[in-house]
Amino acid sequence: MAFVVNATQLPLEDTFDYVIVGGGTAGCPLAATLSKNHRVLVLERGGLPFANPNVMTREGFLPILTHFDQFLSPAQAFTSEDGVPNARGRVLGGSSAINAGFYSRADEDFYKRSGINWDSRVVQRSYEWVEKAIVFQPELQTWQSAVRDGLLEAGVEPYNGYSLNHSLGTKIGGSTFDSSGRRHSAADLLNLATGSNIQVALYASVERVLFAPSYSLASRQNAIGVVFHDLVGGHHHAMLRENGEVILCAGAIGSPQLLLLSGIGPRPYLSSWGIPVVRHSPYVGNYMYDNPRNGISIVSPVPLEHSLIQVVGITDSGAYLEAASNVLPFSSPAYSVFLRPSSSPLYLTVASIMEKIIGPHSSGTLRLASTDVRTNPIVRFNYFSNPVDLERCVNGTRKIGDLLRSRSMDDFKFWEWSGTDFRFVGPALPIDQSNNMVMGEFCRRTVSTIWHYHGGCVVGRVVDRNLKVVGVHSLRGFIIIIVDGIRKSHPSPQQMAGNGMHQYHPQWPPAPAPAAPVVVPAPPPHSHHSPMSMDNRLSGDEVRTIFISGLPEDVKERELQNLLRWLPGYEASQVNFKGEVPMGFALFSTPHFAIAARDALQDMVFDAESKSVLHTEMAKKNLFVKRGIVADPNSFDQSKRMRTGGDYTHTGFSSPSPFHAPPAPVWGPHGYMAPPPPPYDPYGGYPVSQVPMAAPPALPSAPLPAPSSYMPVQVLLVNTKDNPPCNTLFIGNLGENINEEELRGLFSVQPGFKQMKVLRQERHTVCFIEFEDVNSATNVHHSLQGAVIPSSGSVGMRIQYPYTF
Ligand SMILES: Cc1cc2nc3c(=O)[nH]c(=O)nc-3n(C[C@H](O)[C@H](O)[C@H](O)COP(=O)(O)OP(=O)(O)OC[C@H]3O[C@@H](n4cnc5c(N)ncnc54)[C@H](O)[C@@H]3O)c2cc1C
């Protein structure tokens, strides 16, 4: 595949019909298909899978999931706020290059419920296209055969043999490992691409989507390209041709993260990070789901093959049963993959049976941890916060009990003095499996992940039924859909190429032609303090800096950067003062971009209140940017010189970046600061008697640094006693002088908000807030617990579920 190159080899700017962010399970087949008729660029932050033996073999599954590094390993580890370790693919082929290789088609019912426009013939063709290339029939050996037989004995019927279809009963599913145990992944599908039309860049981390400048947040925004960095920190722009699209295929964690970093998300939340809002989209990062996995592992008295998931039992009670067998080196902590850690120095053959539930109904949130795209966002799945999920888990674990009692499992028991029994590694199933309470406790205590996390950009809220980001032209999210936690469907790539395209009217066309000769107007008379010098990156006299006047007197450099950084080619900016009059300078990568920026900003209303309207001109010389140094130190007011000079350098990158050290993460509008979430409550408020869980992360003893305009948090309130979750929240600790508008401002923008009722009492005020559903209420319960509202004084509010409502 000669079209797969290291991103360092790409030009700093280029144009494409489609820019696909993420060369994973969704991105690769989509790119291959679109390349038939269009010029396509795939940007993948990871490297090649083919030369890595751990990626390419079944035996490598565990090592890949247990050996991580921060930026380059094919799997990127993360632990959700629920305390469950998890992983995401970071390699060409995405998570399909590190997963367990089990393949199944989607359930028929899924198409009806998905909210997406499907063409069933195209879906069928797409399945066949994928299956022909990378799906194989596995040959069952000892453990998988015994599980198949045991499932049938346990009543998971009928037996459907080898089948790629989803149907109740027991079946052997497809595998992306071939008969010699070699992995095939979505990366293989690039072999089906039209080589002359496609470029795949490795180690290309997309930092954000670029939008054409717009004067109004209400109007539809236009995506015009993306900015990405390569391994050596070079920044590249991949711009769209007319009618082109940016398609986000960055996975369930990466896609909402990129939307947020690009300014599409809840307005107050974005503002709290200093990210300019391109589109207020309150549900980005909401409704994050992960299918809980629970199960048991046993030591086998007989040697077992190394098998990942091949057989599945699809029950009618909302749970699926699967199995794996691994030869595990127990000398080092085996980490929680299919097993709980152990420190035994033995090598053991371990077999696992697990159940996972359909759905799930419980959902959580994704929030930014940093504006560095390489850093995992913070996710929380709220496992079992919906009682239906717990009930399904109890059904599933009970079925594991039935399976263990089947005759097919007898061969895996050891002789004991009292008879034969299993030797469990990690927790065994409860003895009294008829007791719902005890089984529920087991589910909560042993919850793990099956790595089917999804959501964050849900259809109907963030993307429409054609997967277009609502309110934005030329930007789609393309997703792998996980239905009921098992059935995976590749939404047909052909559908993308065939229909659903719409007209894109670029307001900011990329610059295909060589730059026009630049006419450099003389700077305005008051600009003689301009700190300009010749930039050392370009030879000759190409001026690519604009001069901006008309800024309000109290303008901050950061505000100017926030305005400019979405413009193609933007590199750096600076505000200088002549007396009280601010003068802005902005450097672009080419004169063409500078001219375009000059025209786009001309006469823009910068601040309606202070009636400041921008006036822009080409500067005489280029802005010199070199980490806080300005070429002519005497030419302007020293005290205000390059106030953000050092900030231009992104952590770890050597070239200028628009992002700055972020304020402490908050989930609320300006003026409110949420403390870190309360300690993990594994019982989520449900009436389940408590059993020990992994220790929650300790709360920081010192208050978080408050971003400017935020009230410092003086009291961290942790609400440990609470009533069962419902869709209404009680807010206490609001103080005597709480401003109702401030309260409303905070809560009315939270996803799912319905209504608010404030009750003023003699000395204090309380408030009840109703949400559309329990999940929305639960998310606010977690994210705003202890937040300080300025008018309430310095005490954080207490959020509880009310006793009755
Ligand atoms: C350990 C594990 C086991 C699993 N087992 C199975 C299984 O047996 N069967 C099954 O059906 N499913 C399984 N899954 C789930 C399945 O693999 C995923 O649901 C599916 O691969 C997701 O596809 P995707 O295209 O949405 O994301 P991915 O395949 O993860 O692709 C996203 C890609 O985007 C890239 N990316 C992210 N952000 C950026 C950025 N800013 N710039 C550039 N690139 C970026 C990532 O590096 C990645 O390559 C498993 C998952 C894991 C992790």
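Please refer to the structure higher up on the page.
Residues numbered from 1 in each chain as written. Predicted model: local features only at pLDDT ≥ 70, side-chain atom pairs only at ≥ 80, totals over all residues. Heavy atoms only, no water.

Some words on the overall build of the protein
Selection rule: Only DSSP runs of H or I covering at least 4 residues are called helices, and only runs of E covering at least 2 are called strands; the numbering of each starts at the N terminus. Classification of residues uses two cut-offs on accessible area relative to the type maximum, computed with a 1.4 Å probe and protein chains only: under 20% is buried, over 50% is exposed, and between them is partly exposed.
Looking only at helices and strands, one finds 15 helices and 41 strands in the protein. Burial statistics for the protein: of 805 residues in total, 60% are counted as buried.

Overview of the state of the cysteines
Test applied: The disulfide definition used here is simple: a pair of cysteine sulfur atoms within 2.5 Å.
In total, this model carries 1 disulfide according to the counting rule given. The disulfide bridge from cysteine 393 ends at cysteine 443, spanning 2.2 Å between sulfur atoms. Between cysteine 393 and cysteine 443, the S-S torsion sits near -100°, and that sign places the bridge as left-handed. Highlighted residues: cysteine 393 in helix H9 (residues 387-404) and cysteine 443 in helix H10 (residues 436-445), separated in sequence by 50 residues.

Looking at helix H6 (residues 142-153)
What counts is decided by this rule: What a helix should span is 1.5 Å times the count of its residues minus one.
Taking 1.5 Å of rise per residue, the 12 residues of H6 would be expected to cover 16 Å, and the 17 Å separating its terminal C-alpha atoms lies within 8% of that figure. With its phi angle positive at about 90°, glycine 155 sits one or two positions after the end of H6.

Remarks on the sheet that holds strand S38 (residues 728-732)
Across a sheet, strands are paired by hydrogen bonds formed along the backbone, either parallel or antiparallel in direction. Cut-off, in case you're wondering: When DSSP locates at least two bridges between a pair of strands, those strands are taken to pair. Throughout, an axis means a line fitted to C-alpha atoms (over the contacting stretch in the case of helices), and angles, computed between N-to-C directions, take values from 0 to 180 degrees. It only takes one pair of heavy atoms within 4.5 Å for two residues to be counted as in contact.
Pairing is antiparallel across the open sheet formed by 4 strands, whose spatial order is S39-S40-S38-S41. The strands lining the two open edges of the sheet, one partner per strand, are strand S39 (753-760) and strand S41 (798-800). Going across the sheet, the axis of each strand differs from the next one's by a mean of 20°, ignoring polarity. Sheet analysis places S38 next to strand S40 (residues 765-771), joined by 4 bridges and oriented antiparallel. Directly across from threonine 728, in S40, lies its bridge partner glutamate 770. Packing of helix H14 (residues 740-747) onto the sheet brings it into contact with S38, S39 and S40, and relative to S39 it is tilted by some 155°. Packing against the sheet, helix H15 (residues 774-783) makes contact with S38, S40 and S41, and its axis sits at approximately 25° to S38.

Concerning the pattern of salt bridges
How we decide: A carboxyl oxygen of Asp or Glu within 4 Å of a side-chain nitrogen of Lys or Arg is what we treat as a salt bridge.
For the structure shown, the criterion picks out 18 salt bridges. In this structure, arginine 105 engages glutamate 131 in a salt bridge whose closest nitrogen and oxygen atoms are separated by 2.8 Å. Of this pair, arginine 105 sits in the loop between strand S6 (102-103) and helix H4 (108-113) while glutamate 131 sits in helix H5 (residues 120-134), and the two are 26 residues apart along the sequence. Across the pair, glutamate 131 and arginine 105 agree in class, each one buried. Among the ionic pairs, arginine 374 bridges to aspartate 372, the shortest N-O distance being 2.9 Å. Residue classification places aspartate 372 among the buried residues on the basis of a relative accessible area of 7%. In the salt-bridge network here, residues are joined through shared partners; they are Glu81, Arg367 and Arg380.

So, the pairing of strand S17 (residues 292-299)
Regular strands place side chains that alternate from one sheet face to the opposite one. Counting buried residues along S17, 7 of its 8 residues qualify, which places the element largely inside the surrounding structure. Relative to strand S26 (residues 448-449), S17 is paired through 2 bridges, and the arrangement is antiparallel. Residue pairing for S26: proline 292 is matched across the bridge by threonine 449. In terms of strand pairing, S17 meets strand S25 (residues 423-425) through 3 bridges, oriented antiparallel. Across the sheet, the residue bridging to valine 299 is arginine 423, located in S25.

Details of the environment of serine 434
This is how it is decided: We define a polar contact as two N or O atoms separated by no more than 3.5 Å, with the added condition that, inside protein, one atom must be a possible hydrogen donor and the other a possible acceptor, whereas residues neighbouring each other in sequence contribute only through side-chain atom pairs.
Here serine 434 shows up in the loop between S25 and H10. In sequence terms serine 434 and valine 394 are 40 residues apart; their C-alpha atoms lie 9.5 Å from each other. Within polar-contact distance, the side chain of serine 434 engages the side chain of aspartate 432 at 2.6 Å.

A look at the sheet that holds strand S32 (residues 545-549)
Strand order in the open sheet formed by 4 strands is S33-S34-S32-S37, with antiparallel pairing between adjacent strands. The open sheet has two free edges, formed respectively by strand S33 (570-578) and strand S37 (615-618), since each of these has just one partner strand. Going across the sheet, the axis of each strand differs from the next one's by a mean of 25°, ignoring polarity. Bridge count between S32 and S37: 4 bridges; the pairing is antiparallel. Note on S37: the bridge partner recorded for phenylalanine 547 is glutamate 617.

Some points on a nonpolar patch on the surface
Note the cut-off: Note on patches: the residues involved have over 30% relative accessible area and no salt bridge, like charges join within 9 Å, and the nonpolar side chains Val, Leu, Ile, Met, Phe, Trp and Tyr join within 5 Å. For accessible areas, the Shrake-Rupley method is used with a probe of radius 1.4 Å. Any residue's cover is judged against the shown protein chains and nothing else.
Together, Phe71, Leu72, Leu231 and Val232 give the surface a local cluster of nonpolar side chains, amounting to about 380 Å² of exposed area. Structurally, the position occupied by phenylalanine 71 is in the loop between helix H3 (61-66) and strand S4 (75-79).

Observations regarding the packing of H9 against H10
As a reminder of what qualifies: Any angle that falls under 35 degrees is termed roughly parallel, while one over 145 is termed roughly antiparallel, one within 65 to 115 roughly perpendicular, and all others oblique. Gly counts as polar in this scheme, as do all residues outside two lists: the nonpolar Ala, Val, Leu, Ile, Met, Phe, Trp, Tyr, Cys and Pro, and the charged Asp, Glu, Lys and Arg.
One can describe the packing of H9 onto H10 by two numbers: an axis separation of 9 Å at closest approach and a directional angle of 95°. Relative to H10, the element H9 lies roughly perpendicular. Of the residues in H10, those touching H9 at Leu390, Cys393, Val394, Thr397 and Arg398 are Asn436, Met439, Gly440, Phe442, Cys443 and Arg444. The residue makeup of the contact of H9 with H10, split by class, is 6 nonpolar, 3 polar and 2 charged.

Considering the environment of isoleucine 264
Looking at the element boundaries, isoleucine 264 is found in strand S14 (residues 264-265). With 13 residues separating them along the chain, isoleucine 264 and valine 277 place their C-alpha atoms 6.3 Å apart. Ignoring sequence-local partners within four residues, the contact set of isoleucine 264 consists of Phe211, Leu259, Leu270, Val278, Arg279, Ser281, Val284, Val469, Val472 and Leu475.

Some thoughts on H10
Within H10, burial applies to Met439, Gly440, Glu441, Phe442, Cys443 and Arg444. On its buried side, H10 packs onto S17 and H9.

Points about the packing of aromatic side chains
Quick note on the threshold: Aromatic contacts are taken between Phe, Tyr and Trp rings whose centres are within 6.5 Å, Trp giving its six-membered ring; a plane angle under 30 degrees counts as stacked, one over 60 as edge-to-face, and the others as tilted. By the criterion adopted, a ring carries a charge over it if an Arg CZ or a Lys NZ lies within 6 Å of its centre and within 35 degrees of its normal.
What the rule picks out here adds up to 13 aromatic pairs. Aromatic rings pair up to connect Phe110, Tyr111 and Trp118 into one cluster. Cation over ring: arginine 293 sits above tryptophan 451, and NZ or CZ is 5.1 Å from the ring centre.

Note that all results are geometric; they support no functional claim without further evidence.
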